[in-house]
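Chain residues, written in single-letter form:
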Amino acid sequence: MSHIDALLRAMTLSEKLGQLNLVTADQAITGPSVGGTTTDDICAGRVGGVFNLWGLDALRRAQRCAVEESRLGVPLLFGLDILHGFRTIFPIPLAEAGAFDPDLWERTARAAALEAAGEGIHLTFAPMLDIARDPRWGRIAEGPGEDPLVGEKFAHAKVKGFQGDDVSRFYPLAATAKHFCAGGAATAGRDYAAVDVSERALHEVYLPPFRAAVAAGCATIMTAFNNVNGAPMTAQSRLLNGYLRGRLNFDGVIMSDYAAVAELVEHGVAADQTEAAAIALNAGVDMDMVSGVYLAHMPEALARGLVDPRAIDAAVARVLRLKERLGLFDDPYRVVRLDDDVKDTHRALARDAGRRSATLLVNRGILPFAADIRRIAVIGPLADAGAEMLGPWFAAGAAENCVTIFEGLRRALPNCEIAHHSGVAIEGDDESGVVPAVALAEGADAVVLCLGESAGMSGEAACRAALGLPGEQRRLAERVMSAGAPTIALLSSGRPLTVPWLFERAQAVVATWFLGDRAGEAIADILTGRFNPCARLAVSWPRAVGQIPIFYAAGSTGRPFDAANSYTSRYLDCSNEPQFPFGHGLSFARTTLSNLRADGRELTTSRSTRISVDVQNESDVATEETIFLFARDRDARVARPLMELKDWRKVVLAPQQPATVEFALSAAAFAFPGEDMEPVVEPGDVDIFVGLSADAATLLSARLRIVSA
């Protein structure tokens, strides 16, 4: 008999339900307040895991209660939302996705895992894999952007980074793929709102990142809060038991989100908490986060015949196996030992990740700074705001460890006179600082204008109906830009902001997102030219809120836009095109593409072909470029998107260097869900597009024909 089987036989019903009870401490606020958990509950075996608690002393005290004072001594599982760093804070995921660098994604996850595991954390509620095409939604900051292929590669890299590659060893940190699924499609971009998407959209857009996470060995999955197509995800047996357990053979732990089991009553699918407990468990949810519904009401559900005791045992066994896989039965107090120089190593990684994640959107020749620049005015409420650089979900990060933009520039340019004035607050209507800020700008060789959102304006419960600059920041910006000094605008935010007036007037604009605790150093590296920016947008940047949702992989129409024909798909008052397309991002070099070619004109369903394109760095600056390959199936039984990302390549080019970039494409790359949602590859013509972004006007194209083998 295995250890887990023996434990199951020895457990009372209360102890079994305790293993399914995931409770919160109070070191981080990640949801509405609910009843607290006492050490008595832990000692009685009524708690299986605790999150929002960190620090070795606190964790060991809690673990000692479970291991030394509970009847069976089953260790606790300690979890935390570690989305982009634990102590060292890296760029928010939406920014880091723009690096288009799976190796970087994995390395930052590994660094976070080591730091967290070094302080006794076992589980992270990450990666967040919601594909998001609506920047009103605050949680767009937490994920990989708008494209499912990027989401798949992001999922694989993050799971491997958190959990490690060697499946024969204990996880450094168990990963949680969340939020399953389609939370990014919430109605009107509002958190927790209902989702209504087609079955095709589920399988083509929202499920693929989770499929990749499962394939990578993800330990746990968290359900979304939302009602998806009429059924709350915490009650979605078809997708949890049917798709995850059945089709993908996922055998890890499925947990609810914060209090979501109790919320089934508010959703209107459960008459009371007893029904809620039964519905969630029968749907496949193993762990009840925070609500305590399983612990309090599952005995009644069992007595009423609403659940099978074998379903409880199966859920408990999965939780116990996770603890076993984490090595907790061998060493409940386990920590990962870190090298002495790990802090310096991780800080260097954070700086590099930051500069690889900041996207140069506009540059009218002002960047990098000229060598003879002498006076810089650093203006705006984000200029010297360490806490804001952390962004949402900063775990155990601390504002005092952050390098602000003002600090970073002073360090990088010690011989330059650099002065600062905030001008206005991030929010609020106090304009008293505008006049002195403008006076500072008037005497400068250049102005660095630091604008955007507070960290709390992105993430959960941070949705916005208007995506302009909050408070009086626009007034400040317009007055400063009228002062006459060349202006570089830096946008710190967790989403694209609709500021077309700023893009028109500033000499340069950089999307600096929330870059973490080395933000100031990373930004200074770019502005001074010590690093040539290479990030690209992982999300389309809208001109106006009315364009949302906006994404490059739009569906086809029989009446595509035609400027000469009013009866085509268009707006009366706005361009159809985004402000910046998916993949947009400038560098200090000029790169051109030419001579797109394929090994052959036909591609059989059983073979692959090579796609090649010539790349030329036409400048005297070394550069790193991202080359995207898109495709469109022109002849399918199901209308396909106008473009779909099939692959990308990174290429490093010395000054004036030419290179050839190659892609290997198999027919399987053109598979799509058929009428039964099973993958199918159909013969017919396929257009191949290669370019530096999804801007259709700039893409090279070729055509292939897929033929049956």
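Each remark here, short or long, concerns the structure printed above.
Here's what I pulled together on the structure shown here. (Residues numbered from 1 in each chain as written. Predicted model: local features only at pLDDT ≥ 70, side-chain atom pairs only at ≥ 80, totals over all residues. Heavy atoms only, no water.)

## Side note on the overall build of the protein
- Scanning the protein from N- to C-terminus turns up 21 helices and 26 strands.
- Overall, the C-alpha framework of the protein stretches about 75 × 65 × 45 Å when taken along its three principal axes.
- By residue count, 61% of the 709 residues in the protein fall in the buried class.
- Look at the contacts in the protein between residues 6 or more apart in sequence, and 78% of them connect residues 24 or more apart.
- With the model as given, the accessible surface of the protein reaches about 26,400 Å², and the carbon-plus-sulfur share is 47%. (Helix = DSSP H or I, 4+ residues; strand = E, 2+ residues; numbered from the N terminus. Buried < 20%, exposed > 50% of the residue type's maximum accessible area, 1.4 Å probe, protein only. Contact = heavy atoms within 4.5 Å. Areas by Shrake-Rupley, 256 points an atom, 1.4 Å probe, with all protein chains shown as cover.)

## A word on the packing of aromatic side chains
- Scanning all chains against the criterion turns up 18 aromatic pairs.
- Taken together, a centroid distance of 5.9 Å and an interplanar angle of 55° make the contact between Phe-582 and Phe-628 tilted. Taken as a pair, Phe-582 in the loop between helix 21 (519-527) and strand 17 (591-598) and Phe-628 in strand 20 (residues 623-633) lie far apart in primary sequence, 46 residues in all. No difference in accessibility class separates Phe-582 from Phe-628, as the two residues are buried.
- Pairwise contacts between aromatic rings join Phe-100, Trp-105, Phe-154, Tyr-552, Phe-582, Phe-628, Phe-630 and Trp-648 into one cluster.
- Directly above the aromatic system of Trp-648 lies the positively charged group of Lys-153, at a separation of 5.6 Å from the ring centroid.
- Note that Lys-178 overlies the ring of Trp-393, its terminal NZ or CZ placed 5.3 Å from the centroid. (Phe/Tyr/Trp six-rings, centres within 6.5 Å; stacked < 30°, edge-to-face > 60°. Lys NZ or Arg CZ within 6 Å of the ring centre and 35° of its normal.)

## Section: the packing of helix 12 (residues 273-283) against helix 13 (residues 293-303)
- Contact geometry for helix 12 and helix 13: axes closest at 8 Å, N-to-C directions at 95°. One finds that helix 12 runs roughly perpendicular with respect to helix 13. Of helix 13, the residues touching helix 12 (which contributes Gln-273, Thr-274, Ala-277, Ala-278, Ala-280 and Leu-281) are Val-293, Tyr-294, His-297, Met-298, Glu-300 and Ala-301. (Axes fitted to C-alpha atoms, helices over the stretch in contact; angles between N-to-C directions. Parallel < 35°, antiparallel > 145°, perpendicular 65-115°, else oblique.)

## Description of the pattern of salt bridges
- Here the structure, examined in full by the defined rule, presents 48 salt bridges.
- Between Glu-119 and Arg-87 there is a salt bridge, with its nearest N and O atoms 2.8 Å apart. Within this pair, whereas Glu-119 is found in the loop between helix 6 (102-117) and strand 4 (123-124), its partner Arg-87 is found in the loop between strand 3 (77-80) and helix 5 (93-97), the two being separated by 32 residues in sequence.
- Members of the salt-bridge network, linked through shared partners, are Arg-351, Asp-352, Arg-355, Arg-356, Glu-407, Arg-411, Asp-517, Arg-518, Glu-521, Asp-525, Glu-624 and Lys-650. (Salt bridge = Lys/Arg side-chain N within 4 Å of Asp/Glu carboxyl O.)

## Points about the packing of helix 6 against helix 15 (residues 342-357)
- Where helix 6 meets helix 15, the axes come as close as 11 Å, and the angle between the chain directions of the two elements is 145°. Helix 15 is crossed by helix 6, and the crossing has left-handed handedness. Across the interface between the two elements, Leu-104, Arg-107, Thr-108, Ala-111 and Glu-115 from helix 6 touch His-346, Leu-349, Asp-352, Ala-353 and Arg-356 from helix 15.
- When grouped by side-chain class, the residues that make up the contact of helix 6 with helix 15 number four nonpolar, two polar and four charged. (Left-handed = near helix turned anticlockwise from the far one by under 90°. Nonpolar A, V, L, I, M, F, W, Y, C, P; charged D, E, K, R; others polar.)

## Focus on a negative patch on the surface
- A cluster of like negative charges, contributed by Asp-339, Asp-340, Asp-341 and Asp-344, occupies part of the molecular surface.
- Position of Asp-339 among the secondary structure elements: in the loop between helix 14 (309-325) and helix 15.
- A residue is classified by how much of its surface remains accessible, and Asp-339, at 58% relative accessible area, is exposed. (Patch = residues over 30% accessible without salt bridge, like charges linked within 9 Å, V, L, I, M, F, W, Y side chains within 5 Å. Lys, Arg positive; Asp, Glu negative; His and termini not counted. Charge placed at Lys NZ, Arg CZ, Asp CG, Glu CD.)

## Let's talk about unusual backbone geometry
- Of the consecutive residues Leu-367 and Pro-368, the connecting peptide bond is found in the cis state with omega at -5°.
- Residue Ile-548 is joined to Pro-549 through a cis peptide bond whose omega torsion reads 0°.
- Residue placement: Pro-549 occurs in the loop between helix 21 and strand 17.
- One non-glycine residue, Phe-100, lies in the positive phi region at around 50°.

## Observations concerning helix 6
- With 16 residues, helix 6 extends 22 Å between its outermost C-alpha atoms, agreeing within 8% with the 22 Å of an ideal straight helix rising 1.5 Å per residue.
- Taken residue by residue, helix 6 has Leu-104, Trp-105, Thr-108, Ala-109, Ala-111, Ala-112, Ala-113, Glu-115, Ala-116 and Ala-117 as its buried positions.
- Along its buried surface, helix 6 packs onto helix 5, helix 7 (148-163), helix 15 and strand 21 (644-653). (Expected span 1.5 Å × (residues − 1).)

## Some remarks on the nonpolar core
- Phe-180, Leu-244, Leu-367, Phe-369, Leu-491 and Phe-630 are the most contacted members of the largest nonpolar core, which has 222 residues in total.
- Leaving out residues up to four positions away in the same chain, Phe-369 has contacts with Ile-376, Leu-409, Leu-413, Ala-446, Val-448, Ile-488, Leu-527 and Thr-528.
- Leu-596, Leu-629, Phe-670 and Val-686 belong to the second largest nonpolar core, which has 22 residues in total. (Core = buried A, V, L, I, M, F, W, Y, C linked by side-chain atoms within 4.5 Å.)

## Notes on a positive patch on the surface
- Residues Arg-60, Arg-61, Arg-64 and Arg-337 make up a contiguous surface patch of positive charge.
- Within the element layout of this structure, Arg-337 appears in the loop between helix 14 and helix 15.

## Observations regarding the state of the cysteines
- Here the structure, examined in full by the defined rule, presents zero disulfides.
- Take Cys-181: it sits in no disulfide, and the sulfur closest to it among the cysteines is that of Cys-218, at 14 Å.
- Take Cys-181: its relative accessible area is 0%, and that puts it in the buried class.
- Lacking any disulfide linkage, Cys-450 is separated from the closest cysteine sulfur, that of Cys-416, by 14 Å. (Disulfide = S-S within 2.5 Å.)

## Focus on the pairing of strand 1 (residues 21-24)
- Judged by which residues are buried, strand 1 turns out to be covered on both faces: Asn-21 and Val-23 on one side and Leu-22 and Thr-24 on the other are all buried.
- For strand 1 and strand 10 (residues 288-289), the ladder comprises two bridges, and the chain directions are parallel. Paired with Asn-21 across the strands is Asp-288, a residue of strand 10.
- Of the strand pairs in this sheet, strand 1 and strand 2 (residues 49-51) are connected by three bridges, and their pairing is parallel. Residue pairing for strand 2: Val-23 is matched across the bridge by Val-50. (Pairing = 2+ DSSP bridges.)

## Some remarks on the sheet that holds strand 14 (residues 446-452)
- Spatial strand order, 11-16-15-14-12-13: six strands in an open sheet with mixed pairing. On the outer flanks of this sheet lie strand 11 (359-363) and strand 13 (417-421), each paired with one strand and no other. The average angle at which neighbouring strand axes cross in this sheet is 15°, direction not considered.
- Taken together, the four bridges between strand 11 and strand 16 (residues 508-511) define a ladder with antiparallel strand orientation. By the bridge assignment for strand 16, Thr-359 is matched with Ala-511.

## Topic: the sheet that holds strand 22 (residues 658-666)
- Here we have three strands laid out as an open sheet, ordered 17-19-22, and antiparallel in their pairing. Edge strands, defined here as strands with exactly one partner in the open sheet, are strand 17 and strand 22. Across the sheet, the mean angle separating the axes of adjacent strands is 20° when strand polarity is ignored.
- Pairing of strand 17 with strand 19 (residues 608-617) involves six bridges; the strand directions are antiparallel. If you follow Arg-597 over to strand 19, its bridge partner there is Ser-612.

## Focus: the environment of Tyr-171
- Tracing the backbone through its elements, the reader meets Tyr-171 in the loop between helix 7 and strand 5 (176-180).
- Tyr-171 gets classed as buried once you look at its relative accessible area, which sits at 14%.
- Along the sequence, Tyr-171 and Glu-624 sit 453 residues apart, while their C-alpha atoms lie 34 Å from each other.
- Excluding residues that lie within four positions of it along the chain, Tyr-171 makes contacts with Gln-163, Gly-217, Ala-219, Leu-322, Arg-325, Leu-326 and Arg-334.

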